[in-house]
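# Secondary and tertiary structure notes
Listed here are the chains, written in short residue letters.
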Amino acid sequence: MATETIAHNDIHSEEAGWKGASRPFKASYGKLMMWYFLVSDAFTFAGFLIAYGSLRFSMPTWPVPDFVFSTFPGGIEHKPLLFVTVMTFILLASSFTMVRAVQEGHQENKRGVVKWMIFTIIGGLMFLSCQAWEWNKLIGEEHMTITENPFGTHVEAGEYLEGDGHHIEAGTTFKAGESYLIHKHDGEWHPIEFKVTEGPDAGMVKEQVKGPKAFGALFFFITGFHGFHVFSGVVIMLIVTVNAATGMYRKRKNGYEMIEKVGLYWHFVDLVWVFVFLLFYLL
Amino acid sequence: MGHLTYGESKALATKTILILAVITVAEVLVALLGKGYLKEGFEMNGALLGGIMIIMSIVKAYLIIFEFMHMKYEIPGLVKSVLLPTLLLVWGAIAFTWEGAYWHNTRNKIKDKNEAPVQEVGMMADEYKIEQIG
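This is a predicted model, so every value here is computed, not measured.

A tally of helices and strands in chain A yields 9 helices and 8 strands. For chain A, the C-alpha radius of gyration of 25 Å lies well beyond 19 Å, the compact-globule estimate for 283 residues. Scored against the burial criterion, the 283 residues of chain A give a buried share of 35%.

As structure tokens, this is what we get:
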């Protein structure tokens, strides 16, 4: 095997060096490069998340996440954080099954590797389905796009003068800092009117205004970029699972190192989700 | 791996995933309680709430990197070469959040000036002195 030949080579001879005999940090080339790829990917994600943070801080108002993300399949509404907690648990569970696949790989147990990899792939697909549902809700029903954000936030307390045909009725009161959704029917926005009851503008009649555009753009780009990583991960995992099942990695006799490398990538996707979850949903 | 037997590493993975699950549930509960959704009377100041959740997320990140990704068992050079560059991001996050707060103030200033009553300034009637222009 390749690794054994290298081990017997003199690592100080120049020729062996060019063949990759030296192992910096005692890690294989593939594993080390996976780590450095993940470092670069962390910088890309951090660029996105830092842009989110500074834009959010710069805006006079920002849609309240607990209002925007408060629905659950089956018509359940006003349950903040419930759906996204389920998504987080799916991703965490798939990280665990990936750890188990790597461990079975170290035991050179082909059946175990394939079994736990299949569980991991199912976890990835479940996560993607959840994300598809969430996006469909936001785009199809709430009409959020990368350039339009119907989620606004009140800056003054007041009382609605008309209903929106959904949850708001004429006479419903609200406080400053509460978010609302402007509905769209037949291609037209229907912001509703309200009377300000507090502050310097008390008594004035105003209309709901749309929230910061950046919200939609940042949400779709960041969760989309993460979802694309999950999707890529599922494709790569399908490939390595088929390879493992055909015995390709058993022949290499290196403890299923390919599974370990894909595992590093998969855990990284979970790691990024920890921060997406924190910034978009918790804070 | 390495130092651990198969049984030990299996137990460690189970323990780690349980800790991660507990932290996640704690985060959600703190968020819901702190914002007054579950029960009245536990409302927390936004900065405190944010601080608690950032710390819990960092603990989760540590567990994922060091246990699941086996960073704990890599040699120090590898650990440093991966983790030290990412420390730059901590500076980046602080600097750009600071910048965001500055933009916030600037936006408010522009809004106030736009809303302020227009002062009558006429080219014809005013006498400009060099001191005023400079």
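Picking up where we left off.
Right, let's talk about helix α1 (residues 6–34) of chain B for a bit. Residue and element names in this part refer to chain B. If you check α1, its first and last C-alpha atoms are 42 Å apart, about what 29 residues at 1.5 Å a residue would give, namely 42 Å. Among the residues of α1, those classed as buried are Ser9, Ala13, Ile17, Leu20, Glu27, Val28, Ala31 and Gly34. Following α1 by one or two positions, glycine 36 has its phi on the positive side, about 80°.

Residues and elements named next belong to chain A. Relative to the helices and strands, histidine 143 resides in the loop between α6 (110–141) and β1 (151–153). C-alpha separation for the pair histidine 143 and histidine 185, spaced 42 residues apart in sequence, amounts to 9.9 Å. Once residues lying within four places of it in the same chain are set aside, the contact partners of histidine 143 are Pro150 and Lys184.

With 71 residues, the main nonpolar core has Ile259(A), Val272(A), Val276(A) and Phe277(A) as its most contacted residues. For this core, the secondary structure elements donating two or more residues are α3 (29–58), α5 (82–106), α6, β4 (179–181), α7 (213–245) and α9 (257–282) of chain A together with α1 and α2 (46–68) of chain B. Those residues in contact with Ile259(A), other than ones at most four positions away along the chain, are Ala101(A), Val102(A), Gly105(A), Val113(A), Val240(A), Ala244(A) and Tyr249(A).

Before going further, it helps to examine the domain arrangement of chain A. Residue and element names in this part refer to chain A. Along its sequence, chain A is carved into domain 1 (29–144 + 214–282) and domain 2 (152–210). Just the C-alpha atoms count here: the centres of domain 1 and domain 2 sit 37 Å apart. With 8 residues of domain 1 at the contact, the number on the domain 2 side is 5 residues. Residue composition of the side of domain 1 that touches domain 2, by class: 5 nonpolar, 2 polar and 1 charged.

Turning our attention to the sheet that holds strand β8 (residues 205–207) of chain A. Residues and elements named next belong to chain A. Across the sheet, 4 strands lie side by side as β3-β2-β7-β8; this open sheet has antiparallel pairing. Each of the sheet's edge strands pairs with one partner strand only, and the pair in question is β3 (173–174) and β8. In the sheet, strand β2 (residues 158–160) pairs with β3 via 2 bridges, with the strands oriented antiparallel. Across the sheet, glycine 158 pairs through a bridge with phenylalanine 174, a residue of β3.

Quick look at α9(A) now. The terminal C-alpha atoms of α9(A) lie 36 Å apart, and with 26 residues this matches the ideal 38 Å at 1.5 Å per residue to within 8%. For α9(A), the buried fraction is high: 24 of the 26 residues fall into the buried class.

Put simply, α5(A) and α1(B) touch, their axes get as near as 10 Å, and they point 170° apart. The angle between α5(A) and α1(B) falls in the class roughly antiparallel. Two secondary-structure elements touch here, α5(A) through Thr85(A), Thr88(A), Phe89(A), Leu92(A), Phe96(A), Val99(A), Arg100(A) and Gln103(A) and α1(B) through Tyr6(B), Ser9(B), Lys10(B), Ala13(B), Ile17(B), Leu20(B), Ala21(B), Thr24(B) and Val28(B). Per-class residue counts for the contact of α5(A) with α1(B) are 10 nonpolar, 5 polar and 2 charged.

Another point: the pairing of strand β7 (residues 193–196) of chain A. All names here are of chain A. Here β2 runs beside β7; their pairing, made up of 3 bridges, is antiparallel. When the sheet's bridge partners are listed, tyrosine 160 is paired in β7 with phenylalanine 194. In this sheet, β8 lies alongside β7 in antiparallel orientation, the contact comprising 3 bridges. Note that in β8 the partner of phenylalanine 194 across the bridge is lysine 206.

Quick look at the interface of chain B and chain A now. Contacts between the two partners involve 43 residues from chain B and, on the opposite side, 38 residues from chain A. Among the elements of the structure, α1, α2 and α3 (76–115) of chain B are those that each provide at least two residues to the side of chain B that touches chain A. The greatest single-element share of the side of chain B that touches chain A, amounting to 16 residues, is contributed by α3(B). When grouped by side-chain class, the residues that make up the side of chain B that touches chain A number 26 nonpolar, 10 polar and 7 charged.

Residues and elements named next belong to chain A. Unlike most non-glycine residues, lysine 26 shows phi in positive territory, near 50°. Examined against the element boundaries, lysine 26 turns out to sit in the loop between α2 (14–18) and α3. Residue class for lysine 26 comes out exposed when judged on the 11 C-beta atoms lying within 10 Å of it. The backbone phi angle of leucine 81 is positive, close to 70°, even though this residue is not glycine. Of note, leucine 81 is situated in the loop between α4 (65–68) and α5.

What counts and what doesn't
Residues numbered from 1 in each chain as written. Chains lettered and ligands numbered in written order. Predicted model: local features only at pLDDT ≥ 70, side-chain atom pairs only at ≥ 80, totals over all residues. Helix = DSSP H or I, 4+ residues; strand = E, 2+ residues; numbered from the N terminus. Rg over C-alpha atoms; globule rule 2.2 N^0.38 Å. Buried ≥ 20, exposed ≤ 12 C-beta atoms within 10 Å, placed from the backbone. Expected span 1.5 Å × (residues − 1). Contact = placed C-beta atoms within 7 Å. Core = buried A, V, L, I, M, F, W, Y, C linked by C-beta atoms within 7 Å. Domains from an automatic or database assignment. Nonpolar A, V, L, I, M, F, W, Y, C, P; charged D, E, K, R; others polar. Pairing = 2+ DSSP bridges. Axes fitted to C-alpha atoms, helices over the stretch in contact; angles between N-to-C directions. Parallel < 35°, antiparallel > 145°, perpendicular 65-115°, else oblique.

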